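Structural description and commentary
Spelled out from the first residue to the last, the chains are:
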Amino acid sequence: MTGSGERAILVTGATGGVGRLVVDELLRAGAPVRALTRRPEQAAFPAGVEVVAGDFAVPESLDAALDGVAAVFLVWTAAPTTAPDVVARIAAHPPSRPRRVVYLSAPFRTPHPFFQQPNPMRDLHAELERLLAASGLNVAVLRPGMFAANALHWWAPQLRNGDVVRWPYAAAETAPIDARDLAAVAARVLADARHARGDYVLTGPESLSQAAQVHAIGRAIGRQLRYEELSPDEFRRDTAGAWPGAVVEMLLAAWQAALGRPAFVTSAVEEILGVPARTFETWAADHAAAFARTQDGHSAPAG
């Protein structure tokens, strides 16, 4: 380990979509960054990032990675069985200098029907939060809502081959958050002790129906898009074999519960960063290439 003098920030899930952005934000802020990955030899990070090996499934593998660490961005990436041991190792620190943890959770405590549907991850997040609360650590919890980037996985494959999105619940409203805003908030909370015990629900700045989101993508790519609404059973058939059934049912229940009401919207991003959260329109414009058709009907991989 480098001699960071108990100042390093350890980013777990560092090769994932959010974790990698958090690494970049911390680097820009001049923070000493340590990136945890199961396979350091396969990881590609900018100069200045200390890459360390570790695996939540093998808790003792984290000891060296935690040496000299003052704060941890915690993205749980394993089965829950080792969570008590992992949290205990993070908490094993002099009581006079407790580590700070920023845990990436979900808004399952938020009293909006969209977030109160059965969710395969709900119990995992609740158990991690319970363990962290009992650990003596200074824990901040981030609860992002729907990610704008879901559109890359849900709708981009269809739009690379046509101008129609076939999807259920056109009128269901969400407030998609740009992962760049989430990462910026995580970096600020990790670096600023004033947020050490915060609990933040993070959303985009506006409530938009799914149809409105598709039309925003259309404006970004200069195409007239059409939303063809599927019934729940049609959606089940279209995703059979490709999506886990529990995820399909969770989404269908959440979208149905959201009908007839605006999405849950917070100003937490702006309150923490001092600048407004990015709109979905901005996100779509910045990712327009991922939805563009090429002559062979495919586009470059989304980035």
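Notes on the structure follow. Keep in mind the model is a prediction, meaning the values are calculated, not measured.

Further remarks concern the overall build of the chain. Assigned secondary structure in the chain consists of 12 helices and 11 strands. Here the C-alpha radius of gyration of the chain, 20 Å, is about what a compact globule of 303 residues would show, namely 19 Å. Oriented by its inertia axes, the alpha-carbon framework of the chain measures out at about 60 × 40 × 40 Å. Of all 303 residues assigned to the chain, the portion counted as buried reaches 50%.

A few words now on the pairing of strand β2 (residues 33–37). With 5 of 5 residues buried, β2 is to be regarded as a mostly interior element. Neither face of β2 is exposed, since Val33, Ala35 and Thr37 on one face and Arg34 and Leu36 on the opposite face are all buried. Crossover connection from strand β1 (residues 8–11) via helix α1 (residues 17–28) to parallel β2: handedness right-handed. Sheet topology note: the β2/strand β3 (residues 49–53) ladder contains 5 bridges and is parallel. The partner of valine 33 across the bridge, within β3, is valine 49.

With 38 residues, the main nonpolar core has Trp155, Trp167, Ile217, Trp255, Phe280, Trp283 and Phe291 as its most contacted residues. The set of elements that each furnish at least two residues to this core consists of α5 (150–154), α6 (156–159), β7 (164–168), α8 (210–221), β11 (226–230), α10 (245–258) and α12 (280–286). The element contributing the most residues to this core is α10, with 7 residues. Residues contacting phenylalanine 291, with those up to four places away along its chain left out, are Ala151, Leu152, Trp155, Ala156, Leu159, Arg160, Ile217, Ile221, Arg223 and Trp283. Among the nonpolar cores identified, the runner-up in size contains 35 residues, and Val75, Val102, Ala187 and Leu190 belong to it.

A separate point is the environment of proline 98. By the element assignment, proline 98 lies in the loop between α3 (83–91) and β5 (100–104). The exposure class of proline 98 is partly exposed, given its relative accessible area of 32%. Sequence-wise, proline 98 and valine 58 are 40 residues apart; in three dimensions their C-alpha atoms are separated by 23 Å. Look past the residues within four positions of proline 98 in its chain and what remains in contact with it is His93, Gly136 and Asn138.

A separate point is α3. Turn by turn, an α-helix covers 3.6 residues, leaving residues three or four places apart pointing in a common direction. The complete set of buried residues in α3 reads Ala83, Val86, Val87 and Ile90. Projected down its long axis, α3 carries its buried residues within an arc of 95°, all on one side. Where the residues of α3 are buried, they touch α2 (63–66), β4 (69–74), β5 and α4 (122–133).

A few words now on the side chain of asparagine 138. Looking at the element boundaries, asparagine 138 is found in strand β6 (residues 138–144). Only 2.7 Å separates the side chain of asparagine 138 from the side chain of arginine 197, close enough to count as a polar contact.

Between α3 and α4, whose axes approach to 10 Å, the crossing angle comes to 35°. Note that α3 runs across α4; the crossing there is right-handed. For the pair formed by α3 and α4, the contact residues are Ala83, Pro84 and Val87 on the first element and Leu128, Leu131 and Leu132 on the second. Here the residues of the contact of α3 with α4 are counted per class, giving 6 nonpolar, no polar and no charged.

Overall, the coordinates contain 21 salt bridges when judged by the stated rule. Its salt-bridge partner being arginine 130, residue glutamate 127 comes within 2.8 Å of it at the nearest N-O pair. Taken together, the positions of glutamate 127 and arginine 130, both in helix α4 and 3 residues apart, correspond to about one turn of that helix. Between arginine 223 and aspartate 163 there is a salt bridge, and its shortest N-O distance comes to 2.8 Å. Here arginine 223 is found in the loop between α8 and β11, whereas its partner aspartate 163 is found in the loop between α6 and β7, with 60 residues between them in sequence. When salt bridges that share partners are traced, they join Arg109, Glu129, Arg143 and Asp199 into one network.

What counts, and at which threshold
Residues numbered from 1 in each chain as written. Predicted model: local features only at pLDDT ≥ 70, side-chain atom pairs only at ≥ 80, totals over all residues. Heavy atoms only, no water. Helix = DSSP H or I, 4+ residues; strand = E, 2+ residues; numbered from the N terminus. Rg over C-alpha atoms; globule rule 2.2 N^0.38 Å. Buried < 20%, exposed > 50% of the residue type's maximum accessible area, 1.4 Å probe, protein only. Right-handed = clockwise from strand over helix to strand, strands pointing away. Pairing = 2+ DSSP bridges. Core = buried A, V, L, I, M, F, W, Y, C linked by side-chain atoms within 4.5 Å. Contact = heavy atoms within 4.5 Å. Arc of directions from axis to C-beta. Polar contact = N/O pair within 3.5 Å; in protein donor to acceptor, adjacent residues only side chain to side chain. Axes fitted to C-alpha atoms, helices over the stretch in contact; angles between N-to-C directions. Left-handed = near helix turned anticlockwise from the far one by under 90°. Nonpolar A, V, L, I, M, F, W, Y, C, P; charged D, E, K, R; others polar. Salt bridge = Lys/Arg side-chain N within 4 Å of Asp/Glu carboxyl O.

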